[in-house]
Each structure stands twice: as C-alpha cells, then as structure tokens.
Amino acid sequence: MSERRLLRLTGRAFKDGEFDKAVLPIGSTEYHGEHLPYGTDALVAEALAEAVAERVDGLLVLPTLPYGMSRHYYHFPIAISLTTNTLMLVLREIFQSLSGHGIRRLLIINGHDGNIPAIDAAAREFRADNPEMKIAVLEAWWETAARLLPEGTFEGWGGLGHGGEGETSMALAIAPELVEMEYARGRIPKLPLHVQVKWRFEELTPYGVTGDPTKASTEKGRMMMKALIELLTSFIKEMDERNWEIEDL
Ligand SMILES: [Zn+2]
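In short, a report on the structure. In this text, all values refer to a predicted model and were calculated from it rather than measured experimentally. (Residues numbered from 1 in each chain as written. Predicted model: local features only at pLDDT ≥ 70, side-chain atom pairs only at ≥ 80, totals over all residues.)

So, about the overall build of the chain. Counting its secondary structure elements, the chain contains eight helices and four strands. For the chain, the succession of helices and strands along the chain, N to C, is α-β-α-β-α-β-α-β-α-α-α-α. Here the chain has a C-alpha radius of gyration of 18 Å; the compact-globule value for 249 residues is 18 Å, and the two agree. Each of the 249 residues in the chain was classed as buried or not, and the buried ones make up 44%. The long-range share in the chain, meaning contacts at least 24 apart out of those at least 6 apart in sequence, stands at 73%. (Helix = DSSP H or I, 4+ residues; strand = E, 2+ residues; numbered from the N terminus. Rg over C-alpha atoms; globule rule 2.2 N^0.38 Å. Buried ≥ 20, exposed ≤ 12 C-beta atoms within 10 Å, placed from the backbone. Contact = placed C-beta atoms within 7 Å.)

In structure tokens:
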C-alpha cells in the first residue's frame, strides 16, 4: 500500500498518487473523562480516514484538524476550543484550497458533536457558491455505528455518550495503551425525547462522561470500526461510480 497521508508525502509521491478526492478527519481537544485521552475524537476520526484510504484508490488523507468547538465541555479541565465562526472559516479555507488544486470531492469524518453545526453551515454555504465542489460528511459516527450493529450490541444507552460505552470501545480498539479503564465512570442522564434542551455538559454529568464506559470492550470497538470502514468504503466507491451526482430513487 502506497502512502496516502499528505503530511508524509513528497511532491513526487503526491503527483504519482493521482489523487482525485480527499478525506478530512476533524477532532477536538477536550476532556473525555478520567479514562480517555484528550485526543479521542481526533484519534477515532483519523483511524477511520486512514483505514478507508487503504481501501479506495486516489483518496488523499488530509492532516487531522485537532481542534473543534468545545465550549460546552469547558467546565472540565482542559478544553482548547475554537468558536463555531472560526471553525467555519477554517473549513471554508480548506475547501477553497482543495478546490483550487483540483480536488473537488471531499469526505469529512467528524469525531465530535460540537463541530456538526460549523461543518454543516460551512459546507452548505461553500457549495452554494462552488457547485463543482462535492462534500460528504459522516457527522456522527457514534450514532451511525449504533444503527449499523445488531440490536443488543450495547448494554447501556445504546452505546451513546461522551466518553461512553461506544466511544470508549472505539478507543480500546484503536489505542488501548492510552485508555485507563480502571477510572471509567459515567452517568446516563434522563433526556426529553423530542425536544433538545441546550444543557451545559456539567449539568448532565459530574464525571465529564455520559453513557456507561464501564460496559466498553475492545470487541465492541472492533465491530464498530469494521462496520464504519465498510460503510464509508462502499459509499465512496458508489459515489465515484456515479460521478458524485445525485440519482433517482
Ligand atoms: Zn469524543
């Protein structure tokens, strides 16, 4: 397998790679409980991006964006946060750079809930002025993975939560040496079903963790990784086959 991570490519290797599309992992730098590393969101997004690029020709792996919008996690030490406005500007300028160099197919793999509004708005606004730039986003892998796996895979809260069962399982699968399971502790808050209350995160949990990380396992993480990699790989292949155009149902 030839190198596909841009930061590790020479100019010669980039030319030879004939890249026609890119994948951008976006993370955050924020507290993920006593048991997970600050870079969990970036590590997960990057691992997914690299695994997909190994399976799809011409897919360039862009440097992972390590900062996101983490103001809602500020109560727990430490969060290095961008504002939504700043993140939108950064994304717009990444889109512009790619488009200017002829790479007009982009998959964003997002690792962090706080980034979703900025990614959505930046992508929609950019495409309004640049219809030739195609942008696809996996906004919330934690929800997608939970839907892809058989019911009953997760033991608490459907595997969801910040630093919860699903995310901790992914970390165990990707970087077990960085996880300290003996410190895993979370809370499952009772949330209204149909209306979103804009809670501050410390109102939801005193641990900086929602969900139940004690139910996490390497095996669940491997199942999530496999399902997401297969999903994204076939997604890109299908999009390429139809030139990233929309089709009739
Ligand atoms: Zn996270």
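After that view, the rundown keeps rolling.
Looking at where His75 falls in the secondary structure, it is placed in the loop between strand E2 (59-61) and helix H3 (84-100). On the basis of neighbour counts, which here come to 14 C-beta atoms within 10 Å, the residue His75 falls in the partly exposed class. When the C-alpha atoms of His75 and Trp199 are compared, they prove to be 12 Å apart, with 124 residues separating the residues in sequence. Setting aside residues no more than four positions away along its own chain, His75 makes contact with Arg200, Phe201 and Glu202.

To continue, consider the packing of helix H2 (residues 40-53) against helix H8 (residues 218-241). Two elements in contact, H2 and H8, have axes separated by 9 Å at closest approach and are oriented at 50°. As far as their axial angle goes, H8 and H2 are oblique. Crossing handedness for the pair H2 and H8: right-handed. Together, Leu48, Ala51 and Val52 of H2 and Leu228, Ile229, Leu232, Thr233 and Ile236 of H8 make up the contact between the two elements. For the contact of H2 with H8, the class distribution of residues is seven nonpolar, one polar and no charged. (Axes fitted to C-alpha atoms, helices over the stretch in contact; angles between N-to-C directions. Parallel < 35°, antiparallel > 145°, perpendicular 65-115°, else oblique. Left-handed = near helix turned anticlockwise from the far one by under 90°. Nonpolar A, V, L, I, M, F, W, Y, C, P; charged D, E, K, R; others polar.)

Attention now moves to the nonpolar core. One broad trend across soluble globular proteins is that nonpolar side chains are buried collectively. By size, the foremost hydrophobic cluster in this structure holds 59 residues, and its most contacted members are Ala22, Val23 and Leu48. For this core, the element with the highest residue contribution is H2, accounting for nine residues. Excluding residues within four positions of it along the chain, Val23 makes contact with Ala49, Val52, Ala53, Leu59, Val61, Leu62, Leu107 and Ile109. If you look at the next biggest cluster of nonpolar residues, it comprises five residues, including Tyr31, Tyr73, Phe76 and Ala79. (Core = buried A, V, L, I, M, F, W, Y, C linked by C-beta atoms within 7 Å.)

As a further point, take the packing of helix H5 (residues 141-148) against H8. Direction vectors running N to C along H5 and H8 enclose 100°, while the axes themselves pass 9 Å from each other. The pairing of H5 with H8 is recorded here as roughly perpendicular in orientation. In this structure, H5 uses Trp141, Thr144, Ala145 and Leu148 to contact H8, whose residues at the interface are Met224, Ala227, Leu228 and Leu231. Of the residues assigned to the contact of H5 with H8, the class counts are seven nonpolar, one polar and no charged.

Further remarks concern the pairing of strand E4 (residues 134-138). Bridge analysis of strand E3 (residues 105-110) against E4 gives five bridges, and the strand direction is parallel. Bridging from a neighbouring strand, Ile108 pairs with Val137 of E4. With helix H4 (residues 116-129) bridging E3 and its parallel neighbour E4, the resulting β-α-β unit is right-handed. (Pairing = 2+ DSSP bridges. Right-handed = clockwise from strand over helix to strand, strands pointing away.)

Note on placement: Ala136 falls in strand E4. For Ala136, a count of 17 C-beta atoms within 10 Å puts it in the partly exposed group. The spacing of Ala136 and Asp120 is 16 residues in sequence and 9.9 Å in space, taken between C-alpha atoms. Residues within four places of Ala136 in sequence aside, it is in contact with Leu107 and Met239.

Further remarks concern H3. Its 17 residues give H3 an end-to-end C-alpha distance of 24 Å, which sits within 8% of 24 Å, the value for a rise of 1.5 Å per residue. Here H3 has its buried residues at Leu87, Met88, Leu91, Ile94, Phe95 and Leu98. On an axial view of H3, the arc spanned by its buried residues comes to 125°, and they lie on one face. Of the exposed residues in H3, those oriented more than 90 degrees away from the buried face are Asn85, Glu93, Ser97 and Gly100. For H3, the secondary structure elements touched by its buried residues are strand E1 (21-26), E3 and H4. (Expected span 1.5 Å × (residues − 1). Arc of directions from axis to C-beta.)

So, to be careful, I would describe these as geometric facts and stop short of saying anything about function.
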